[in-house]
Amino acid sequence: MSDDVLVVERQGPVAQLRINRPRQHNALNADVLSAVDRALDELAATEVRAIVLTGTGERAFSAGADLHELAGLGADRAHDVLGRGQAVVARIERSPVPVIAAVNGLALGGGFEIALACTFAVLAETAELGLPETGLGLMPGYGGTQRLARRVGAPVAAYTMLTGERMSAERAYGLGLTPVPPVPVGGVVDAAHDLALRVAARGPRAVRASLEALHRGADGSLESGLALESALAGVVTGGEEAAEGIAAFLGKRTPAFDATRGGEQA
Ligand SMILES: CCCCCCCCCCCCC/C=C/C(=O)SCCNC(=O)CCNC(=O)[C@H](O)C(C)(C)COP(=O)(O)OP(=O)(O)OC[C@H]1O[C@@H](n2cnc3c(N)ncnc32)[C@H](O)[C@@H]1OP(=O)(O)O
């Protein structure tokens, strides 16, 4: 399951997608985004429980949209490709299993926007995040204007977009853009995999339902989110997985979630 521009590897319950255009600092072109879309399709049919997304090398996670591809795009075509690109990024955000970005270096423009759409990110100490588009007469187009403002507030989002100033991994951690402290660049993929394995060891249907509540709840009011949470929590609590998890705790043993049937999909 690999295309040249995207390398897909399975390691037990965890899959790794690696953007593989190191000479262009892993710039995102149509081939990369289409390959990500295909990989998500293929992985949806498997029992994968977490996905790690990273880039080849230690210089860049991704330097953003491919500027060669952007050059000369007319407004209509740009609107079309933006829409397709946004759809792939939204798919990452709404993945039923967590997508963990292992940000192995520069994440600029669309590269930062993709990292923002991931469930969470592990940053290399050398990582720098930025939205340089306005300096090129462009603007963020893969959700950065919306997701960054929702994550850190409009003033920091505006400053990042309007100055193009990059933020360090430490600054991003301080802003809450990552739940874990930055790690040495040589260990960022391993750190993301370790996190993925921690998630993969938990109740898979409970994880999926928790993510579904988080994602779908973000779209509406607190009231509608609470109603969604109680509906999902009801199914999960009444399921075989919860029965196994509780029995394992009371029996002072490790839960065998793999042995539980899908039951009613949460
Ligand atoms: C499902 C279908 C979807 C279709 C999608 C099609 C595209 C649609 C576009 C939609 C747009 C959405 C919104 C997002 C916009 C952007 O992301 S705009 C780009 C923002 N990124 C940048 O501005 C970063 C540009 N790069 C740099 O600043 C520097 O390269 C660097 C990353 C800081 C590294 O510098 P340095 O180490 O000095 O290396 P360089 O010599 O500059 O680069 C090496 C080669 O890599 C090429 N390159 C680098 N970045 C890009 C890029 N973004 N696109 C294309 N190519 C890039 C660079 O040109 C060099 O190439 P050569 O000169 O041939 O060696």
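Check the entry above for the structure.
Residues numbered from 1 in each chain as written. Predicted model: local features only at pLDDT ≥ 70, side-chain atom pairs only at ≥ 80, totals over all residues. Heavy atoms only, no water.

## Considerations on the site of the ligand
Short version of the rule: Note on terminology: near, applied to a residue and a molecule or strand, indicates that one of the residue's heavy atoms is within 4 Å of it. Distance and chemistry together define a polar contact, namely a pair of N or O atoms within 3.5 Å, with one atom able to donate a hydrogen and the other to accept it when in protein, and with adjacent residues in sequence counting only for side-chain atoms on both sides. Helix and strand labels come from DSSP, where a helix needs a run of H or I of at least four residues and a strand needs a run of E of at least two; each type is numbered from the N terminus. Basically, the charged four are Asp, Glu, Lys and Arg, the nonpolar ten are Ala, Val, Leu, Ile, Met, Phe, Trp, Tyr, Cys and Pro, and anything else, Gly included, counts as polar.
Close to the ligand lie 34 residues, the nearest being Arg59, Ala63, Ala65, Leu67 and Gly110. In this structure, His25 approaches the ligand through a side-chain N or O atom, which is 3.1 Å from an oxygen atom. In the environment of the ligand, an oxygen atom lies 2.9 Å from a nitrogen or oxygen atom belonging to the side chain of Arg59. Elements supplying a minimum of two residues to the shell around the ligand: α1 (30-44), α2 (67-70), α3 (75-93), β6 (106-108) and α4 (110-117). In terms of residue class, the shell around the ligand is made up of 17 nonpolar, nine polar and eight charged.

## Structural notes on a nonpolar patch on the surface
Threshold: A patch consists of residues whose relative accessible area exceeds 30% and which take part in no salt bridge; residues with like charges are grouped when within 9 Å of each other, and nonpolar side chains (Val, Leu, Ile, Met, Phe, Trp, Tyr) when within 5 Å. For accessible areas, the Shrake-Rupley method is used with a probe of radius 1.4 Å. Any residue's cover is judged against the shown protein chains and nothing else. When a carboxyl oxygen of Asp or Glu lies within 4 Å of a side-chain nitrogen of Lys or Arg, that pair is called a salt bridge. Here's how the labels work: a residue is buried when its accessible area is under 20% of the maximum for its type, exposed when over 50%, partly exposed in between, all with a 1.4 Å probe on protein chains only.
A surface patch of nonpolar side chains, amounting to about 260 Å² of accessible area, comprises Leu67, Leu136 and Leu138. Within the secondary structure, Leu138 is located in the loop between β8 (128-130) and α5 (144-152). Residue Leu138 is classed as partly exposed on the basis of its relative accessible area of 32%.

## Topic: the sheet that holds strand β3 (residues 50-55)
Inclusion rule: When DSSP locates at least two bridges between a pair of strands, those strands are taken to pair. To get an axis, a line is fitted to the C-alpha atoms, and for a helix only the part in contact is used. The angle between two axes follows their N-to-C directions and goes from 0 to 180 degrees. Contacts: residue pairs with any heavy atoms within 4.5 Å of one another.
Spatially, β1-β2-β3-β5-β7 is the arrangement adopted by the five strands of the open sheet, whose pairing is mixed. Of all strands in the sheet, those bounded by a partner on one side alone are β1 (6-11) and β7 (120-123). The sheet shows a mean angle of 20° between the axes of neighbouring strands, taken without regard to direction. Direction of pairing for strand β5 (residues 99-103) relative to β7: parallel, over a ladder of four bridges. Within β7, the residue paired with Val103 across the bridge is Leu123. Along the sheet, helix α8 (residues 188-200) contacts β1, β2 (14-19), β3, β5 and β7; its crossing angle with β5, the most-contacted strand, is approximately 165°.

## Overview of the pattern of salt bridges
Applying the stated criterion across every chain yields a total of 13 salt bridges. Here Arg21 and Asp66 are joined by a salt bridge, their closest N and O atoms 2.8 Å apart. Taken together, the positions of Arg21 in the loop between β2 and α1 and Asp66 in the loop between β4 (60-62) and α2 put the pair 45 residues apart, joining distant regions of the chain. Via salt bridges that share partners, Asp37, Asp41 and Arg91 belong to a single interconnected network.

The values reported here are purely geometric and, on their own, carry no functional implication.
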